Amino acid sequence: MTFTEDKNGFYINGKKFTPDDAPMVRAKVGSFQHWQVVNATGELHPMHIHQVHFLAYAENDKPIANPVWLDTVNVPYGGSVDVIMDFTEPVIRGMSVFHCHLLNHEDKGMMAKILFE
Ligand SMILES: [Cu+2]
């Protein structure tokens, strides 16, 4: 997934969030997914996801020395973070969201839906 921004707003994968959006991502409960989170802007964006956690294991394609489980990670500007999303917790269900954790960016569109199936 890629964070971008311009004078009109903030985007994930080129899309500005609206409440009636279809899910951008679908995930099977019981699975893991590899996400590379790319920050193609000139400022930091903390990526946050609801209901689940992830292991951040590389930053700017370099291994992180002591990977830890998180629900928010700072994605460096002009860089990336690689994470293993953990969708194995059996209680997760239904529509959820992931977004930039800066309220001003989230409110201007930097959010997307994920459907746990
Ligand atoms: Cu942001």
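Heads up: the structure comes first, above all this text.
To start, this report covers the structure provided alongside it. Just so it is clear, the model here is predicted, and its values are computed rather than measured. (Residues numbered from 1 in each chain as written. Predicted model: local features only at pLDDT ≥ 70, side-chain atom pairs only at ≥ 80, totals over all residues.)

## Quick word on the overall build of the protein chain
For the protein chain, the count of helices and strands is 1 helix and 11 strands. Against the globule reference of 13 Å for 117 residues, the protein chain gives a C-alpha radius of gyration of 14 Å, in line with a compact fold. Of all 117 residues assigned to the protein chain, the portion counted as buried reaches 23%. (Helix = DSSP H or I, 4+ residues; strand = E, 2+ residues; numbered from the N terminus. Rg over C-alpha atoms; globule rule 2.2 N^0.38 Å. Buried ≥ 20, exposed ≤ 12 C-beta atoms within 10 Å, placed from the backbone.)

## Section: the sheet that holds strand S7 (residues 62–70)
Spatial ordering of the open sheet is given by S2-S1-S4-S9-S6-S7, a layout of 6 strands whose pairing is mixed. Two strands in the sheet have a free side with no partner beyond their single neighbour: strand S2 (9–12) and S7. Strand-to-strand, the axes of this sheet are offset by a mean angle of 25°, without reference to chain direction. As paired strands, strand S1 (residues 2–6) and S2 are joined by 4 bridges and run antiparallel to one another. (Pairing = 2+ DSSP bridges. Axes fitted to C-alpha atoms, helices over the stretch in contact; angles between N-to-C directions.)

## A few points about the pairing of strand S5 (residues 45–49)
Each regular strand displays side chains that alternate between the two surfaces of the sheet. On S5, burial follows the alternation: His45, Met47 and Ile49 on one face are buried, whereas Pro46 and His48 on the facing-out side are not. Of the pairings in the sheet, the one linking S5 to strand S8 (residues 72–75) comprises 4 bridges and is antiparallel in character. The residue of S8 that forms the bridge with histidine 45 is valine 75. In terms of strand pairing, S5 meets strand S10 (residues 94–100) through 3 bridges, oriented antiparallel. Bridge pairing in S10 links isoleucine 49 to phenylalanine 98.

## What to know about the nonpolar core
Across soluble globular proteins, you tend to see nonpolar side chains buried next to one another. With 21 residues, the main nonpolar core has Ile12, Met47, Val73, Val75, Val81, Val83 and Met110 as its most contacted residues. Secondary-structure elements contributing two or more residues to this core are S2, S5, strand S6 (53–59), S8, strand S9 (79–87), S10 and strand S11 (111–116). Here the element with the most residues in this core is S11; it accounts for 4 residues. For valine 81, the residues in contact, after removing those within four places along its chain, are Val37, Ala56, Ala58, Glu59, Val73 and Val75. (Core = buried A, V, L, I, M, F, W, Y, C linked by C-beta atoms within 7 Å. Contact = placed C-beta atoms within 7 Å.)

## A look at the sheet that holds S11
The pairing of strands in a sheet comes from backbone hydrogen bonds and takes either a parallel or an antiparallel form. As summarised here, the arrangement of the 5 strands in space is S3-S11-S10-S5-S8, forming an open sheet in which the pairing is mixed. Only two strands of the sheet have a single partner each, and these edge strands are strand S3 (25–27) and S8. Looking at each pair of strands side by side, their axes are set apart by 25° on average, direction ignored.

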